[in-house]
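# Descriptive structure summary
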Amino acid sequence: MRAGAGPTIGLELRTRVTGSLALELRFDAERLLVVDYLNGTYYRGPNNADTRLSLFDLDLTPTEFIMAVTGRVPRDWYAQGNGMSLPDGTRVVRHGAETYFFQLDDKGLPSQWEKRRDGLTVLRVRYRAYSDMPVNGDLLRLPRQIRVYLQEETPRLVLGFAQFTPGDGDLAMPSPRSLPESAREFTPLELPPD
């Protein structure tokens with residue numbers, strides 16, 4: 001995973017045995033690129049709830065994805081959502097029709113957060129463990145085990161990180177609008193109509 005300004009996110013999923021690239025995702029708030037190297041297809045188009053649900057059966061905005069993988073809430077996002085603390089220590093942030101509830105552990109980091117719409121939980125992220133990872137001579141505590149749930153008790157997405165390497169300035173990540181050279185001959189994926 002790489003992240004750049006905006007944020008722009010880049011993910012590469014590799015096969016276990018050979019380590020070859022199987023799936024590449026690039027996205028920002030507006031655009032999404034998914035390149036499926038195993039099937040020789042790609043999707044390039046808008047990054048919105050309908051597209052994410054159609055492709056992944058899961059709707060995580062770029063900000064929610066960053067929150068899920070870092071266990072952190074962006075300061076400006078918290079302030080814009082009039083973030084506040086409840087008497088039990090739960091942090092609450094409101095954005096449009098969604099309300100986010102963050103339960104913190106004894107070190108002040110999220111152990112779980114939920115996104116609710118109309119009083120119903122539509123997304124839940126749980127952290128099983130954090131790791132202290134060395135960064136420039138300091139330690140940075142990041143989630144090691146991340147589970148993303150919808151309404152069911154079985155996680156929809158499970159992520160884990162064993163290593164963190166900070167970037168040094170601009171990542172020069174290709175835009176979600178540009179297709180990798182190796183995928184130029186792939187077939188565009190058509191999403192089903194609504």
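These figures come from a predicted structure and were not determined experimentally. (Residues numbered from 1 in each chain as written. Predicted model: local features only at pLDDT ≥ 70, side-chain atom pairs only at ≥ 80, totals over all residues. Heavy atoms only, no water.)

### Examining the nonpolar core
Soluble globular proteins tend to pack their nonpolar side chains together in the buried interior. Note the cut-off: In these notes, a set of buried Ala, Val, Leu, Ile, Met, Phe, Trp, Tyr and Cys residues joined through side-chain atoms within 4.5 Å is what counts as a nonpolar core. When a residue's accessible area, from a 1.4 Å probe over protein chains only, is under 20% of the maximum for its type it is buried; when over 50% it is exposed; and in between it is partly exposed. Only DSSP runs of H or I covering at least 4 residues are called helices, and only runs of E covering at least 2 are called strands; the numbering of each starts at the N terminus. By definition in these notes, contact holds between two residues if any of their heavy atoms fall within 4.5 Å.
With 27 residues, the main nonpolar core has Phe65, Tyr100, Phe102, Trp113, Leu123 and Val125 as its most contacted residues. Those elements giving two or more residues to this core turn out to be strand 2 (8-14), strand 3 (21-27), strand 4 (31-36), helix 2 (62-70), strand 8 (98-104), strand 10 (120-135) and strand 11 (138-149). A total of five residues in this core trace back to one element, the largest contributor, which is helix 2. Ignoring any residue separated from it by four or fewer positions in sequence, one finds phenylalanine 65 in contact with Met1, Ile9, Leu11, Phe27 and Leu60.

### Here's the deal with the sheet that holds strand 10
Pairing between sheet strands relies on hydrogen bonds along the backbone, with the strands arranged either parallel or antiparallel. What counts is decided by this rule: Any two strands with at least two DSSP bridges between them are considered paired. Between N-to-C directions, angles cover 0 to 180 degrees, with each direction set by a line fitted to C-alpha atoms, over the stretch in contact for helices.
Taken in spatial order, the seven strands line up as 6-7-8-9-10-11-12 in an open sheet, and their pairing is antiparallel. Each edge of the open sheet carries a strand with a single partner, namely strand 6 (84-85) and strand 12 (157-160). With five bridges connecting them, strand 7 (residues 91-95) and strand 8 associate as antiparallel partners. When the bridges of strand 8 are listed, valine 92 appears paired with phenylalanine 101. Packing of helix 2 onto the sheet brings it into contact with strand 8, strand 9 (110-117), strand 10, strand 11 and strand 12, and relative to strand 11 it is tilted by some 115 degrees.

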